[in-house]
Amino acid sequence: MSYTHTTDFRRPAGPETGLRASVVIAVLDEAENVTAVCEEVLREMDRAGAFEIVFVDDGSSDATPDILQAIADKDERVRLVRHDRRCGKSQAVRSGVLAARAPWIATLDGDGQNDPADLPDMLEKAWAADGELPLVAGTRVRRNDPVSRLVATRIANGFRAAVLGDHCPDTGCGVKIFHRDSFLLLPCFEGMHRFLPALFQRYGHPLINHPVRHRARHAGQSKYTNIGRAFVGIFDTMGVIWLVRRTKAPGRIEERRS
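Residues numbered from 1 in each chain as written. Predicted model: local features only at pLDDT ≥ 70, side-chain atom pairs only at ≥ 80, totals over all residues. Heavy atoms only, no water.

S.K.: So, the overall build of the protein: which residues are in play, and what are the values?
M.R.: When its secondary structure is counted, the protein shows eight helices and seven strands. Per-residue burial over the protein gives 50% buried out of 258 residues. (Helix = DSSP H or I, 4+ residues; strand = E, 2+ residues; numbered from the N terminus. Buried < 20%, exposed > 50% of the residue type's maximum accessible area, 1.4 Å probe, protein only.)

This is the structure we're talking about:
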């Protein structure tokens, strides 16, 4: 299957689409998982109202894009956006948000470890919130990961929470709800998906932590090593500290008319 470059996907159709939420799922070499993940999202999101699923293939070398394109050809609720090369998860999420046609975004990972059944309840929390548009962040209360990863993640989360003060116990959880336009105002860099609570709060958006389920992978292996993730996470955190301190965002913007 050939890759065709286009920029039209970045122009969402607007409120007239009738969609309430877009589920954005970034994937890389997840051929063994994407069919089951897609079927589960389609089933669980029914109670959330009109929705779409936007898969973003980040330069997979396996059959992932072919499988997803076959699904999208049969179900108009499913869409596939492709990168011509690997750009990283943060850029993949951004590409999906740019392509989304709904005002609210729900994200989850494409490996089957997140439970899509959590999404409708989290969306309801976001829709019911008063004041500024919130970020609803999933918190994995019982992780189904190897002990080495659990230890590494606990250290990383503790370090980030201590230096950033973002009040989020699990920033690395892929399950999140946020408003499309609010997200697109944030600075984009590789690794930003792990710092969304700090970034959203810096721009005046309240944080709502929501417990979510976590499961073992359906198949395949993680694309990250614990040591590699730890080193990158430390450097990224230093960068976010600088970014947060250098960001001067107003608490409210008003325009008065006579």
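Back to the text.
S.K.: Pulling in residues and values, what's your account of the pairing of strand β6 (residues 176-179)?
M.R.: Within a regular strand, the side chains alternate between the two sheet faces. What you see with β6 is no split at all: Lys176 and Phe178 on one side and Ile177 and His179 on the other are buried throughout. Sheet topology places strand β5 (residues 135-140) next to β6; two bridges connect them, and they run antiparallel. Its bridge partner being in β6, Ala137 is matched across the sheet by Lys176. (Pairing = 2+ DSSP bridges.)

S.K.: Tell me what's going on with the pattern of salt bridges, and back it up with residues and numbers.
M.R.: Scanning the entire structure with this criterion turns up 13 salt bridges. Salt-bridge contacts for Arg79 lead to Glu52; the nearest nitrogen and oxygen are separated by 3.1 Å. Here Glu52 lies in strand β2 (residues 51-57) and Arg79 lies in strand β3 (residues 78-82), a separation of 27 residues in the sequence. Notably, a salt bridge pairs Asp109 with Lys89, separated by 2.5 Å at the nearest N-O pair. Here Asp109, found in the loop between β4 (104-107) and α4 (119-128), pairs with Lys89, found in helix α3 (residues 89-99); they are 20 residues apart in sequence, far enough to count as distant. (Salt bridge = Lys/Arg side-chain N within 4 Å of Asp/Glu carboxyl O.)

S.K.: Before we move on, could you go through helix α2 (residues 64-74) and cite the residues and values that matter?
M.R.: Buried within α2 we find Thr64, Pro65, Leu68, Ile71 and Ala72. Buried residues of α2 fall within an arc of 125° about the axis and therefore sit on the same side. Exposed and facing more than 90 degrees away from the buried side of α2 are Asp73 and Lys74. In this structure, the buried residues of α2 make contact with β1 (21-27), α1 (34-44), β2 and β3. (Arc of directions from axis to C-beta. Contact = heavy atoms within 4.5 Å.)

S.K.: Before we move on, can you summarise the side chain of His179 with the specific residues and values?
M.R.: Tracing the chain through its elements places His179 in strand β6. For His179, a relative accessible area of 16% corresponds to the buried category. A distance of 3.4 Å separates the side chain of His179 from the backbone nitrogen of Asp181, its partner in a polar contact. Setting aside residues up to four positions removed in sequence, His179 forms contacts with Pro103, Trp104 and Leu133. (Polar contact = N/O pair within 3.5 Å; in protein donor to acceptor, adjacent residues only side chain to side chain.)

S.K.: Break down empty space enclosed by the protein for me, citing the residues and quoting the values.
M.R.: One pass over the structure, following the stated rule, counts one cavity of 30 Å³ or more. Of the voids in this model, the largest cavity is the one considered here, and its volume is about 120 Å³. Lining of the largest cavity is provided by 15 residues; of these, Lys89, Val93, Thr107, Gly174 and His193 occupy positions nearest its centre. Looking at the lining of the largest cavity, the elements that each hand over two or more residues are β1, α3 and β6. Across the lining of the largest cavity, the residue classes tally to seven nonpolar, five polar and three charged. (1 Å grid on protein atoms, 1.4 Å probe; cavity = no way out; pocket = protein on both sides within 12 Å on 5 of 7 lines; lining within 4 Å. Points joined across faces, edges and corners; volume = space filled by probe spheres on them. Nonpolar A, V, L, I, M, F, W, Y, C, P; charged D, E, K, R; others polar.)

S.K.: Account for the sheet that holds β1, with residues named and values stated.
M.R.: A sheet is described by the order of its strands in space; here seven strands give the open sequence β3-β2-β1-β4-β6-β5-β7, paired in mixed fashion. Where the open sheet ends on each side, the last strands, each with one partner, are β3 and β7 (207-212). Adjacent strand axes in the sheet meet at a mean angle of 25° when their direction is disregarded. Taken together, the six bridges between β5 and β7 define a ladder with parallel strand orientation. Residue pairing across strands places Leu135 opposite Leu207, the latter belonging to β7. The sheet contacts of α4 involve β1, β4, β5, β6 and β7, and relative to β7 the element is tilted by about 160°. (Axes fitted to C-alpha atoms, helices over the stretch in contact; angles between N-to-C directions.)

Nothing here speaks to function; it is geometry throughout.
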